[in-house]
Amino acid sequence: LRNDKKKPMAMMADTTTANAQVRSLGETVRLDARTKLLNPKFYEGMLASGYEGTREITKRLRNTMGWSATAGDVDNFIYEDANDVFIADPEMQQRLLDTNPNAFRDMITTFLEANGRGYWDTSEENIERLQELYQEVEDRIEGV
C-alpha cells in the first residue's frame, strides 16, 4: 500500500490483437477467467489433450490465486464459478481425477488455500466437501 493506504491502480496492455487495449488488472483477470478458466471450449479442449491439459487448467486456477495474493483483484464469483465447474460436478471430478490425479489434488489445494487466505468466501459445507475430496484423491494417489 502507498502512504495514503490506497491500493495503486494496476493496468495491463492487451496486445493479443491488432487493436491493443489497456485494461485494469481486475478487468483483465475477469476477461481471462471468462475466456480460459471458465470457458467450456477451453477446458474441454484441455481435458481432451489429457494429462497436460488437466495440469494447464490447474495452473490457470493457481495463477488466479496469485493475482489475489499480489493485487487483490479477483472477484469472488471467479472462484465460485470455477468451483461449480470443476468441483461441484461429480462427472467433472472423475474426469480430472482420471486424467491427472496430481493436478486435481493441486486444484483442490488451491481452492482450500484461496479460502484460507481470505481470497475466496464460500460456505463451510463447501470447504468440508473440498477437505473430504482432498483426502479421497490423496488416498487414490497413495494407493490406499
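Source: prediction; values computed, not measured. (Residues numbered from 1 in each chain as written. Predicted model: local features only at pLDDT ≥ 70, side-chain atom pairs only at ≥ 80, totals over all residues. Heavy atoms only, no water.)

Once that is clear, we can look at a negative patch on the surface. Taken together, the side chains of Glu124, Glu125, Glu128, Glu132 and Glu136 define an acidic patch exposed on the protein surface. Looking at the element boundaries, glutamate 125 is found in helix α7 (residues 124-142). (Patch = residues over 30% accessible without salt bridge, like charges linked within 9 Å, V, L, I, M, F, W, Y side chains within 5 Å. Areas by Shrake-Rupley, 256 points an atom, 1.4 Å probe, with all protein chains shown as cover. Salt bridge = Lys/Arg side-chain N within 4 Å of Asp/Glu carboxyl O. Lys, Arg positive; Asp, Glu negative; His and termini not counted. Charge placed at Lys NZ, Arg CZ, Asp CG, Glu CD. Helix = DSSP H or I, 4+ residues; strand = E, 2+ residues; numbered from the N terminus.)

A cluster of nonpolar residues, Met9, Met11 and Val22, forms a patch on the protein surface that exposes about 360 Å² of accessible area. In this structure, methionine 11 sits in strand β1 (residues 11-14). The exposure class assigned to methionine 11 is partly exposed, which follows from its relative accessible area of 44%. (Buried < 20%, exposed > 50% of the residue type's maximum accessible area, 1.4 Å probe, protein only.)

So, about helix α6 (residues 101-116). For α6, spanning 16 residues, the distance from its first C-alpha to its last is 22 Å, which sits close to the expected 22 Å at 1.5 Å a residue. Among the residues of α6, Ala103, Phe104, Arg105, Met107, Ile108, Thr110, Phe111 and Ala114 are the ones counted as buried. For α6, the elements touching its buried residues are α3 (51-71), α4 (76-86), α5 (90-99) and α7. Immediately downstream of α6, the backbone of glycine 118 shows phi near 85 degrees, a positive value. (Expected span 1.5 Å × (residues − 1). Contact = heavy atoms within 4.5 Å.)

Bringing the packing of helix α2 (residues 40-48) against α3 into the picture now. When two helices pack together, you describe them by how their axes are tilted relative to each other and by the distance separating the axes. α3 packs onto α2 with a crossing angle of 140 degrees between their chain directions and a minimal axis gap of 6 Å. By the angle between their axes, α2 is oblique relative to α3. Contacts between α2 and α3 involve Phe42, Tyr43, Met46 and Leu47 from the first element and Gly53, Thr54, Glu56, Ile57 and Arg60 from the second. Grouping the constituent residues of the contact of α2 with α3 by class yields five nonpolar, two polar and two charged. (Axes fitted to C-alpha atoms, helices over the stretch in contact; angles between N-to-C directions. Parallel < 35°, antiparallel > 145°, perpendicular 65-115°, else oblique. Nonpolar A, V, L, I, M, F, W, Y, C, P; charged D, E, K, R; others polar.)

Right, let's talk about the confidence of the model for the chain for a bit. With 99% of its residues at a pLDDT of 70 or more, the chain shows a mean pLDDT of 92. Looking over the chain, one finds the lowest element-wise mean pLDDT in β1, namely 80, and the highest in α6, namely 98. (pLDDT = per-residue confidence, 0-100.)

Across all of its chains, the model carries three aromatic pairs by this definition. Here the aromatic rings of tyrosine 43 and phenylalanine 86 are separated by 5.3 Å at their centres, their planes lie at 70 degrees, and the arrangement is edge-to-face. Pair noted here: tyrosine 43 is in helix α2 and phenylalanine 86 is in helix α4, with a separation of 43 residues, a long-range link. With relative accessibility at 10%, the residue tyrosine 43 sits in the buried group. Ring geometry for phenylalanine 111 against tryptophan 120: centres 5.3 Å apart, planes inclined by 50 degrees, an arrangement best described as tilted. Classification of phenylalanine 111 by relative accessible area gives buried; the value is 1%. Assessed through its relative accessible area of 2%, tryptophan 120 is described here as buried. (Phe/Tyr/Trp six-rings, centres within 6.5 Å; stacked < 30°, edge-to-face > 60°.)

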